Amino acid sequence: MSPQPEIPTDLSSRSAQQNELSAEERTLLPKLAREALASRLHGQRFSPGPLSAHLSAPRGAFTTVYLEGELRGCVGYALAVSPLYLTVIETARSAAFEDPRFPPITLAELQELELSLSVLSRLYAILPEEVEVGRHGLLITCGPQRGLLLPQVPVEHGWDRVTFLEQTCRKAGLPLNAWQAAASIEAFTAEVFGDHDLV
């Protein structure tokens, strides 16, 4: 699990071609994330009841926490290592309390927080010229070094395709041109939603 840069909250239509999750699932998952934070702050156990097979399927996901419009934490898994609903709960808690860039959230801040979830597709190999800014997230790997950037990040920063590839290499601690050499490039899409989508 690793922290990520700020994710804008208005780009969900650009980061996935269509919604895989139902409206009910897009409502339930942010609520589970918020309940997980509340239970942690109150020192209570949180065990959601049985969920659908779809939400119980392993998926990668990131949770981003904002406070007064500013990034307060972002943590996630690129790989599908746990059921989606558990991944959301765990990444929400990690983003809120364990992102080393920020202090843990407090009970007083809980109601002011905004949560954004990014549910990732499975990773697949991609050629550099096939990368589409605003659609693809990237994972670049060379030996033990790995760097991941979500699809929203290059849009936020106004990067073109080459800059996106270079900055993902930078995230991995690799030379900026590693994507042209020995590094492997994998892509994914992300369905982005959260508190801002709830009515």
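Residues numbered from 1 in each chain as written. Predicted model: local features only at pLDDT ≥ 70, side-chain atom pairs only at ≥ 80, totals over all residues. Heavy atoms only, no water.

**Thoughts on the overall build of the chain**
Reasoning step 1: Within the chain, the secondary structure is distributed over six helices and nine strands.
Reasoning step 2: Here the chain, with 199 residues, has 49% of them falling under the buried criterion.
Reasoning step 3: In the chain, of all internal contacts separated by at least 6 residues, the share reaching a separation of at least 24 is 76%.
Reasoning step 4: By element, 50% of the accessible surface of the chain is carried by carbon and sulfur atoms, the whole surface being about 9,300 Å². (Helix = DSSP H or I, 4+ residues; strand = E, 2+ residues; numbered from the N terminus. Buried < 20%, exposed > 50% of the residue type's maximum accessible area, 1.4 Å probe, protein only. Contact = heavy atoms within 4.5 Å. Areas by Shrake-Rupley, 256 points an atom, 1.4 Å probe, with all protein chains shown as cover.)

**Focus: helix H2 (residues 23-41)**
Reasoning step 1: Taking 1.5 Å as the rise per residue, H2 with 19 residues should run 27 Å; its terminal C-alpha atoms sit 28 Å apart, in good agreement.
Reasoning step 2: Residues Glu25, Arg26, Leu29, Pro30, Leu32, Ala33, Ala36, Leu37 and Ser39 constitute the buried set of H2.
Reasoning step 3: Packing partners of the buried residues in H2 comprise helix H3 (53-56), helix H4 (84-97), strand S4 (113-120) and strand S9 (190-194).
Reasoning step 4: Positive backbone phi, at 70°, marks Gly43, one or two positions downstream of H2. (Expected span 1.5 Å × (residues − 1).)

**Quick notes on unusual backbone geometry**
Reasoning step 1: We note that Glu68 has phi near 55°; this positive angle belongs to a residue other than glycine.
Reasoning step 2: Along the chain, the position of Glu68 falls in the loop between strand S2 (61-67) and strand S3 (70-77).

**So, helix H6 (residues 161-171)**
Reasoning step 1: Taken together, the buried positions of H6 are Phe164, Leu165, Gln167, Thr168 and Cys169.
Reasoning step 2: Considering only its buried residues, H6 is in contact with strand S6 (137-142), strand S7 (145-149), helix H5 (152-157) and strand S8 (184-188).
Reasoning step 3: Phi for Gly173, located one or two positions after H6, is positive at around 75°.

**Observations concerning the pattern of salt bridges**
Reasoning step 1: For the structure shown, the criterion picks out six salt bridges.
Reasoning step 2: Between Arg59 and Glu20 there is a salt bridge; the shortest N-O distance is 2.9 Å. You can see Arg59 sitting in the loop between H3 and S2 and its partner Glu20 sitting in the loop between helix H1 (12-15) and H2, a full 39 residues away along the chain.
Reasoning step 3: Glu98 is paired through a salt bridge with Arg40; the nearest N and O atoms lie 3.9 Å apart. You can see Glu98 sitting in the loop between H4 and S4 and its partner Arg40 sitting in helix H2, a full 58 residues away along the chain.
Reasoning step 4: With relative accessibility at 47%, the residue Glu98 sits in the partly exposed group.
Reasoning step 5: On the basis of relative accessibility, which here comes to 39%, the residue Arg40 falls in the partly exposed class. (Salt bridge = Lys/Arg side-chain N within 4 Å of Asp/Glu carboxyl O.)

**Here we look at the sheet that holds S6**
Reasoning step 1: What the four strands build is an open sheet, ordered S5-S8-S6-S7; its pairing is antiparallel. Of all strands in the sheet, those bounded by a partner on one side alone are strand S5 (124-125) and S7.
Reasoning step 2: Both S6 and S8 contribute to a ladder of five bridges, which runs antiparallel. Opposite Leu138, over in S8, you have Ala187 as the bridge partner. (Pairing = 2+ DSSP bridges.)

**A look at the nonpolar core**
Reasoning step 1: In this structure, Leu21, Leu29, Leu37, Leu84, Ile105 and Leu113 are the most contacted members of the largest nonpolar core, which totals 27 residues.
Reasoning step 2: Contributions of two or more residues to this core are made by H2, S2, H4 and S4.
Reasoning step 3: Ranked by residues supplied to this core, first place goes to H4 with eight residues.
Reasoning step 4: Dropping the residues within four chain positions of it, Ile105 is found in contact with Leu37, Leu41, Arg72, Ala96, Phe97, Leu110 and Leu113. (Core = buried A, V, L, I, M, F, W, Y, C linked by side-chain atoms within 4.5 Å.)

By themselves, these are just geometric observations and shouldn't be taken as functional.
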